[in-house]
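Per-entry structural report
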Amino acid sequence: WAVSPWRPCSKTCGKGLQYRSVRCMRQTTNGTTVESPNHLCPRDKPSGVQNCIKKACHLNWVVGPWSHCHGLCGVGHRVRNVRCPVAGKCAHGKKPPSRKFCSRESCYQWIIGRWSSNRKKTKYEKKKPKVMFLVALVMTFLTAENDNRLLKDLPQADFGRVPERLTLSCSAGCGSGAQRRSVTCLHRLTRRVGEKCSADSKPASQRQCKVKECKKIDVVLETVCHRDKYSSKQCRAVLRFDLCSTRGWLDLCCKTCEDAGRN
């Protein structure tokens, strides 16, 4: 019988098998060796397989699914359960990770303010609309006492109806104006101003607005206008609320109304 050396164990750990070749060989008259049928060999055939035992095998780690991303914003983390079926039987060097990083939404966000105009309001506009017009009417009569012609015409003057609602958020009382608002990049947690907000998602800080169309001044003064009888601040309020189209207000602020009509 011709036998070869044992081959390596079929398992790297635990129980396995080893194999070797076993052949019946005979020698011819000319001295060469040839393989013959097994029954021609006189003794029992040696075994070609045997058991082998390597070092004890470690069990495989059992892992669970990853959790959702923990954290309020920015970089967060995911966790999962990693356990050994039998304590101490798993290789610690091959333990899968039980924690990993993940990304959440940015910690910075755009904070926007309310739409408003950047025009400074006069002291008359800061008052409630009806109160402002009552004050303006009283000042009209006080101014008229020093002017006999205006005093004579006042009972017939048409000061128009007080608007039910006045919109002060647009920079122009009539025609096209503009509104602005604050747009600030803030940290969600610390509320500190930063520069890490996405420029592509930045909201607009300015837009056009129009309260109403401006009326054409079609009232003609009976006398040549040299100057306003109201103060400049008062006449700006008259122009602001588009009251130049009525004779009473036009008489009091003729210069301001005429200049606005030319523009």
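Predicted model, so just to flag it, every value in this text is computed and none were measured.

**Observations regarding the overall build of the chain**
Secondary structure summary: the chain contains five helices and 14 strands in total. If you sum the accessible surface of the chain, you get close to 18,800 Å²; carbon and sulfur atoms cover 51% of it.

**Quick notes on the pattern of salt bridges**
Summed over all chains, the structure comprises two salt bridges. The salt bridge involving R23 is made with E35; its shortest N-O contact spans 4.0 Å. Taken as a pair, R23 in strand 3 (residues 22-23) and E35 in strand 5 (residues 33-35) lie far apart in primary sequence, twelve residues in all. With a shortest N-O distance of 3.6 Å, E105 and R188 are connected by a salt bridge. Of this pair, E105 sits in the loop between strand 10 (99-103) and strand 11 (108-112) while R188 sits in the loop between strand 13 (183-187) and strand 14 (206-210), placing them 83 residues apart in sequence.

**Concerning unusual backbone geometry**
Comment: phi is negative for the bulk of residues other than glycine, and the bulk of peptide bonds are trans. One non-glycine residue, R191, adopts positive backbone phi at about 60 degrees. Note that R191 resides in the loop between strand 13 and strand 14.

**Brief notes about the environment of C84**
Looking at the secondary structure, you find C84 in the loop between strand 9 (82-83) and strand 10. A relative accessible area of 17% places C84 in the buried class. Sequence spacing of C84 and H58 is 26 residues, and the spatial spacing of their C-alpha atoms is 9.7 Å. Beyond its immediate stretch of four places on either side in the chain, C84 contacts W61, K89 and C90.

**Observations regarding the side chain of R181**
Mapped onto the elements of the fold, R181 is located in the loop between strand 12 (176-180) and strand 13. Of the side chains with opposite charge, D200 comes closest to the buried, unpaired R181, at an N-O distance of 16 Å. Among the polar contacts made by the side chain of R181, one reaches the main-chain carbonyl oxygen of A204 at a distance of 2.8 Å. Dropping the residues within four chain positions of it, R181 is found in contact with I112, G113, R114, W115, P203, A204 and S205.

**Quick word on the environment of P5**
Mapping P5 onto the fold places it in the loop between strand 1 (2-3) and strand 2 (15-19). Residue P5 is classed as exposed on the basis of its relative accessible area, which comes to 68%. Along the primary structure P5 and Q18 are separated by 13 residues, whereas in three dimensions their C-alpha atoms are 9.9 Å apart.

**Details of the confidence of the model for the chain**
Here the chain averages 76 in pLDDT, and 74% of its residues register 70 or above. Across the chain, element-level confidence peaks in strand 7 (residues 62-63) with a mean pLDDT of 96 and bottoms out in helix 2 (residues 148-153) with 38. Note that residues 122-130 has pLDDT below 50 and, in this model, 14 contacts with residues that lie over four places away or in other chains. Ignoring residues within four places in sequence, the model shows residues 139-168, a span with pLDDT below 50, making 43 contacts including any to other chains.

**Considerations on the side chain of S36**
Inspection of the secondary structure assignment puts S36 in the loop between strand 5 and strand 6 (49-53). S36 sits in the buried class, given a relative accessible area of 7%. At 3.1 Å, the side chain of S36 forms a polar contact with the side chain of R26.

**Quick look at the environment of L17**
If you trace the backbone, L17 turns up in strand 2. Taking the relative accessible area as the measure of exposure, L17 reaches 30% and is therefore partly exposed. Measuring from C-alpha to C-alpha, the distance between L17 and I53 comes to 8.2 Å, with 36 residues separating the pair along the chain. The contact partners of L17, leaving out residues within four places of it in the chain, are P8, C9, S10, V49, Q50, N51 and C52.

Here is what the cut-offs are and how they apply
- Within each chain, residues carry numbers counting from 1 in the order of the written sequence.
- Per-residue local features are limited, in this predicted model, to residues with pLDDT of at least 70; the limit for side-chain atom pairs, both in listing and counting, is 80 or more; totals at the level of whole chains, interfaces and linings are taken over all residues.
- Heavy atoms from the whole structure form the basis of all side-chain values; hydrogens and water molecules are not counted.
- Numbering goes from the N terminus for both helices and strands, where a helix is a DSSP run of H or I of at least four residues and a strand is a run of E of at least two.
- For the accessible areas, the method is Shrake-Rupley and the probe is 1.4 Å, while residue cover comes only from the protein chains on display.
- Salt bridge, as applied in this entry: a Lys or Arg side-chain nitrogen positioned within 4 Å of an Asp or Glu carboxyl oxygen.
- Here the term buried applies to any residue with accessible area under 20% of the maximum for its type, exposed to any over 50%, and partly exposed to those in between, with areas from a 1.4 Å probe on protein chains only.
- It only takes one pair of heavy atoms within 4.5 Å for two residues to be counted as in contact.
- Note on charges: Lys and Arg go in the positive column, Asp and Glu in the negative column, and His and the chain ends are not counted at all.
- What qualifies as a polar contact is a pair of N or O atoms within 3.5 Å, subject to a donor-acceptor requirement within protein and to the restriction that residues adjacent in sequence count only when both atoms come from side chains.
- A residue's pLDDT is the predictor's confidence in that residue, given on a scale from 0 to 100.

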